[in-house]
Amino acid sequence: MPGPVVNGVKVGRSASGEAASQVAEALPFLPVLSEGTIRVVLLTSGHLVVARLRQTTDPDGDSAYQLIRPLRLVGDLDGDEWSLHPFLAGLTPQRNIVMLKAAVAAVLEPEARILQVYTRSTNQECPPSETPVERLKKAFQEFTDSIEPG
């Protein structure tokens, strides 16, 4: 039976989904100020994952991402409804995964509704929404950073 839909986003409910939600309730609370930022990650395999993302290195010293409390994001054909499912459930008990940057196709900012459902499902504090002025300042800063000589 599908899980509840919240503004077009639902938490996947299956035998492993219910177990994952029980585990999520047992996870320690992560405040907004915890290391990393919550992002949607498009993997080169085509899968979408929502996770708190932190830049790190692999054991060889190469650049990598650490995905903290990742959940797989699955959408319907129209893209109107999305559901969150456990990522790598049944394969590993690990809640944090280090992934080579080569496995990541894109890092995207999640929509507010996906962010809210994800943070609730993984026992994290939801960051406040940015105002249009804050988004403009951030975009300008990213632009100036990109044109500065490195």
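These numbers were taken from a predicted model, which means no experiment stands behind them. Starting afresh in each chain, residues are numbered from 1 along the sequence in its written order. Note on the predicted model: pLDDT of at least 70 is required for a residue's local features to be given, and 80 or more for side-chain atom pairs to be given and counted; whole-chain, interface and lining totals, by contrast, use all residues. Excluded from the side-chain calculation are hydrogens and water; included are all heavy atoms of the structure.

### Some points on the overall build of the protein
Strands here mean DSSP runs of E at least two residues long; helices mean DSSP runs of H or I at least four residues long; both are numbered from the N terminus. Counting its secondary structure elements, the protein contains three helices and eight strands. The order of α-helices and β-strands along the protein, N terminus first, is β-β-α-β-β-β-β-β-β-α-α. Counting across all 150 residues of the protein, residues that qualify as buried make up 31%. The contact definition used throughout considers only heavy atoms, calling two residues in contact when any of these lie within 4.5 Å. Pairs at least 24 residues apart make up 58% of the contacts formed inside the protein by residues separated by at least 6 positions. Residue exposure ignores everything except the shown protein chains as possible cover, and the areas themselves are Shrake-Rupley values with a 1.4 Å probe. Surface accessibility of the protein: about 9,400 Å² in total, with carbon and sulfur atoms responsible for 56%. Type-normalised accessible area, obtained with a 1.4 Å probe on protein chains alone, sets the label of each residue: buried when under 20%, exposed when over 50%, and partly exposed for intermediate values.

### Brief notes about the nonpolar core
It is characteristic of soluble globular proteins that their nonpolar side chains tend to be buried jointly. In plain words, nonpolar cores are sets of buried Ala, Val, Leu, Ile, Met, Phe, Trp, Tyr and Cys residues tied together by side-chain atoms within 4.5 Å. In terms of nonpolar packing, the biggest core is built from 21 residues, with Leu 43, Val 50, Leu 67, Leu 84 and Tyr 118 touching the most fellow members. Elements that contribute at least two residues to this core include exactly β3 (37-43), β4 (48-57), β5 (63-75), β7 (96-100) and α2 (112-121).

### Focus: the pattern of salt bridges
In the sections that follow, a salt bridge refers to a side-chain nitrogen of Lys or Arg positioned within 4 Å of a carboxyl oxygen of Asp or Glu. What the rule picks out here adds up to two salt bridges. With its nearest N and O atoms 3.5 Å apart, the salt bridge here joins Glu 109 to Lys 138. One end of the pair, Glu 109, is in the loop between β8 (104-108) and α2; the other, Lys 138, is in helix α3 (residues 132-147), with 29 residues separating them in the sequence. We classify Lys 138 as partly exposed; its relative accessible area is 27%.

### So, a nonpolar patch on the surface
Each patch groups residues whose relative accessible area exceeds 30% and which form no salt bridge, using 9 Å between like charges and 5 Å between nonpolar side chains of Val, Leu, Ile, Met, Phe, Trp and Tyr. A surface patch of nonpolar side chains, about 350 Å² in accessible area, is lined by Phe 140, Phe 143 and Ile 147. Position of Phe 140 among the secondary structure elements: in helix α3. On the basis of relative accessible area, Phe 140 is assigned to the exposed category, the value being 55%.

### Things to note about the pairing of β7
Covered by surrounding structure in β7 are Ile 97 and Met 99 only, the residues Asn 96, Val 98 and Leu 100 on the alternate face being uncovered. A strand pair is defined by DSSP finding two or more bridges across the two strands. Here β5 pairs with β7 via five bridges, running antiparallel. Counted as the bridge partner of Leu 67 is Ile 97 from β7.

### Here we look at α2
Within the span of α2, buried status applies to Ile 114, Leu 115, Val 117, Tyr 118, Thr 119 and Ser 121. Looking at the residues trailing α2, positive phi occurs at Asn 123, about 60 degrees.

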